[in-house]
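# Examination of the molecular architecture
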Amino acid sequence: MDKIKNTILKKKLITKGETIAVACSGGQDSMALLHYLWNNREELGCNVVAVNVDHTIRENSDNDSQFVINYCNKHGIKVYSFKVDAKKFSEDKKLTLEQGARECRYRVFKNLVTKKIATKVALAHHKQDQAETILLNIFRGTGIAGASGMDYTRDNIYIRPLLPVTKAEISAYIMANDIPFVEDETNNDSEYNRNYIRNKIMPLIRLRWPNADNAISEFGANCRADEEFIRSQINEDSLVVEDGLVRVYSTYFVYPDSYIFRLILKALKTIGISQNIEKKHLKMIKEMAIESENGTKISLPNGLTVIKEYNYITFTNRVAKRSKKTYPFTRGKLDISNFGVIDTNITRKFNIEEYSHLIDASKLPKNAEWRFRKDGDFFEKFGGGTKSLSDYLIDKKVPVRLRNTTPVLAVGDEVYIIAGVEISEKLKIDKNTKTAYGINVKRF
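This section reports on the structure supplied with the text. Everything numeric in this text was worked out from a predicted model, so none of it was measured. (Residues numbered from 1 in each chain as written. Predicted model: local features only at pLDDT ≥ 70, side-chain atom pairs only at ≥ 80, totals over all residues. Heavy atoms only, no water.)

Bringing the side chain of Thr314 into the picture now. For Thr314, the location among the structural elements is in strand S11 (residues 312-316). For Thr314, the side chain forms a polar contact with the side chain of Glu309, separated by 2.6 Å. Residues within four places of Thr314 in sequence aside, it is in contact with Leu245, Val246, Arg247, Thr305, Val306, Ile307, Glu309 and Arg401. (Helix = DSSP H or I, 4+ residues; strand = E, 2+ residues; numbered from the N terminus. Polar contact = N/O pair within 3.5 Å; in protein donor to acceptor, adjacent residues only side chain to side chain. Contact = heavy atoms within 4.5 Å.)

Turning our eyes to something else, we now look at the sheet that holds strand S4 (residues 120-122). An order of S3-S2-S1-S4-S6-S5 is seen for the six strands of this open sheet, with the pairing classed as mixed. The sheet is open, and its two borders are formed by strand S3 (79-83) and strand S5 (153-154), each paired with just one other strand. Where helix H2 (residues 28-39) meets the sheet, it contacts strand S1 (19-23), strand S2 (47-54) and S4, and its direction lies at approximately 160° from that of S1. Helix H6 (residues 97-114) rests against S1, S2, S3, S4, S5 and strand S6 (158-159) of the sheet, and its axis sits at about 145° to S2. (Pairing = 2+ DSSP bridges. Axes fitted to C-alpha atoms, helices over the stretch in contact; angles between N-to-C directions.)

Attention now moves to the pattern of salt bridges. Enumeration according to the criterion identifies 22 salt bridges in this entry. Residue Asp129 pairs with Arg198 through a salt bridge whose shortest N-O separation is 3.3 Å. Residue Asp129 is found in helix H7 (residues 127-139), and its partner Arg198 is found in helix H10 (residues 193-208); the two are separated by 69 residues along the sequence. A salt bridge links Glu132 to Arg194; the nearest nitrogen and oxygen atoms lie 3.6 Å apart. Here Glu132 is found in helix H7, whereas its partner Arg194 is found in helix H10, with 62 residues between them in sequence. Where salt bridges share partners, they join Asp129, Glu132, Arg194 and Arg198 into one cluster. (Salt bridge = Lys/Arg side-chain N within 4 Å of Asp/Glu carboxyl O.)

So, about the environment of Ile14. Along the chain, the position of Ile14 falls in the loop between helix H1 (2-10) and S1. The spatial distance from the C-alpha of Ile14 to the C-alpha of Asp237 is 33 Å, given a sequence separation of 223 residues. In this structure Ile14 touches Ile8, Ile20, Leu37, Leu44, Cys46, Lys120 and Ile159, once residues within four positions along its chain are discounted.

Moving on to helix H5 (residues 86-93). For H5, the full list of buried residues reads Ala86, Phe89 and Ser90. Down the axis of H5, the sector holding all buried residues measures 100°, keeping them to one side. Of the exposed residues in H5, the ones pointing more than 90 degrees away from its buried face are Glu91 and Asp92. (Buried < 20%, exposed > 50% of the residue type's maximum accessible area, 1.4 Å probe, protein only. Arc of directions from axis to C-beta.)

In the sheet, strand S14 (residues 340-347) pairs with strand S22 (residues 436-443) via eight bridges, with the strands oriented antiparallel. Following the sheet pairing, Asn345 is matched in S22 by Gly438. Pairing between strand S15 (residues 357-360) and S22: four bridges, direction antiparallel. By the bridge assignment, Asp360 is partnered in S22 with Ala436.

The next subject is the sheet that holds strand S9 (residues 297-300). Read from one edge of the open sheet, five strands run S7-S8-S11-S10-S9, paired in antiparallel fashion. The open sheet has two free edges, formed respectively by strand S7 (239-242) and S9, since each of these has just one partner strand. Direction aside, neighbouring strands of the sheet carry axes that sit 20° apart on average. Where S9 lies against strand S10 (residues 304-309), four bridges are found, and the strand directions are antiparallel. Bridge pairing in S10 links Ser299 to Thr305.

What follows concerns helix H4 (residues 61-75). Taking 1.5 Å of rise per residue, the 15 residues of H4 would be expected to cover 21 Å, and the 22 Å separating its terminal C-alpha atoms lies within 8% of that figure. All of the buried residues in H4 are Ser61, Asp64, Ser65, Phe67, Val68, Ile69, Tyr71 and Cys72. At the exit of H4 stands Gly76, carrying a positive phi of roughly 75°. (Expected span 1.5 Å × (residues − 1).)

To continue, consider the nonpolar core. Ranked by size, the top nonpolar core spans 35 residues in total, and within it Ile14, Leu34 and Leu37 carry the most contacts. Going through the elements one at a time, H1, S1, H2, S2, H4 and helix H9 (167-176) are the ones with two or more residues in this core. Looking at this core, the element that brings in the most residues is H2, giving seven residues. Residues in contact with Leu34, not counting those within four places in the same chain, are Val22, Cys24, Val48, Val49, Ala50, Tyr71, Cys72 and Ile77. By size, the runner-up hydrophobic cluster in this structure holds 26 residues, among which are Phe253, Ile273, Leu282 and Phe315. (Core = buried A, V, L, I, M, F, W, Y, C linked by side-chain atoms within 4.5 Å.)

Along the chain, Arg160 turns up in the loop between S6 and H9. There is no salt bridge for the buried Arg160, and the closest opposite charge comes from Asp151, which lies 6.8 Å off by N-O distance. Of note is the side chain of Arg160, whose polar atom sits 3.0 Å from the side chain of His125. Setting aside residues up to four positions removed in sequence, Arg160 forms contacts with Leu13, Tyr106, Leu123, His125, Met150, Asp151, Tyr152 and Arg154. (Lys, Arg positive; Asp, Glu negative; His and termini not counted.)

Let us now look at the pairing of S2. Within S2, seven of the eight residues are buried, which leaves it mostly tucked inside the rest of the structure. With five bridges joining them, S1 and S2 adopt parallel strand pairing. Bridge pairing in S2 places Ala21 opposite Val49. Between S2 and its parallel partner S3, the chain crosses via H4, and the hand of that crossover is right-handed. (Right-handed = clockwise from strand over helix to strand, strands pointing away.)

Right, let's talk about the packing of aromatic side chains for a bit. A ring pair, where both rings are aromatic, is described by two values, the distance of the centres and the angle of the planes. Overall, the coordinates contain seven aromatic pairs when judged by the stated rule. Considering the side-chain rings of Tyr106 and Tyr158, the 5.0 Å spacing of their centres and the 65° angle between planes classify their relative orientation as edge-to-face. With Tyr106 in helix H6 and Tyr158 in strand S6, this pair connects stretches of sequence that are 52 residues apart. Assigned by exposure class, Tyr106 and Tyr158 land together as buried. A ring pair is formed by Phe329 and Tyr437, whose centres lie 5.0 Å apart and whose planes are at 75°; its orientation type is edge-to-face. Here the residue Phe329 occupies a position in the loop between strand S12 (327-328) and strand S13 (332-336), and Tyr437 occupies one in strand S22, the gap between them amounting to 108 residues. The exposure class of Phe329 is buried, given its relative accessible area of 17%. Three or more aromatic residues joined by ring pairs form one cluster here, namely Tyr106, Phe109 and Tyr158. When the ring centre of Tyr106 is taken as reference, the NZ or CZ atom of Arg102 above it lies at 4.2 Å. (Phe/Tyr/Trp six-rings, centres within 6.5 Å; stacked < 30°, edge-to-face > 60°. Lys NZ or Arg CZ within 6 Å of the ring centre and 35° of its normal.)

Purely spatial values, then, with no claim about function.
If you want it as structure tokens, here you go:
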């Protein structure tokens, strides 16, 4: 199994001093990886722990978890064991059971790294897994990104030291070192897409083409090289990144699909979305960008919302609903959820440049309060003329996603200030103004 060590060193998968959590189900592959890393941890200069996730899909899945725990306890390996309800999660998220189980365990893995229990998570995918993944992605209608298969490392968290190792080599290592393991009976259930490829399709392919796994993996490597080149051509300035959202200028959507789709995927990755986005979703986004009216909004998996906002397309997974909460108008700093801070002070120096808003204190009704927009609101524009608040926000090109979270200072249906946007004509300072409120608005 020198391939494993050579892969770790060549691909720089492990840095000295790191703690590697081996994702261990108790099956042959993960037990072989755990055994190898544990017994070579000193040479590799790393700490090794195990992590087991019971998806509670099978009645006896708890036995497999207990097997891993017992093995680790016997050999002095620190083990972290978790139980998740993959079926319920899949139903709630409207995912297939395969997708839901995968997302559940990856959430557990990421949590280990976030809590600094581990630096990286080692996954036991091998060469046959790679070939199956590439075929599965092709059957789903992938481009060359999916045809690239799995990489040796992802997100600087997940590593795959067994990727160049064959299943036969793993089985030989298991036998040579007398490593115990358990069999997951669901591996024989060809109702699962991956199992169908593994149990039905690949055996037939290997009968005709014995070198199929190597050939498919090499095809994936070639696709990866091409994919990396195309991605390198994407203009970094095409993305405008803010907290919880990213915007892409509409002008980029006239480019070829090969560019547009990768630009969209890059935008999504910046807000943490890298799964369950299919080509049909990419086409929907492109069509919306080119053909739809301003304000058009579509909802996609993972809580993703895509909105056409004037000169750009906005991607976010943090669209807030309209709140009914109100805040009194007071001096000092006012923290408003999902918005930011409004800082109000009395001033007799009428320097407009120092403030977001400067208003005549005597003209503001005493019962004014900060709240969020509602149907029927109207606003007297600075300079004269009354409009519905909704129409005015459109005129000012305030993005749809911001309208529900932008506070307004109002009495009844009349709006006097739209935070960070404009003040009513009724509050403007004039030659008779003696005292003013200087208001600074800082949106998070």
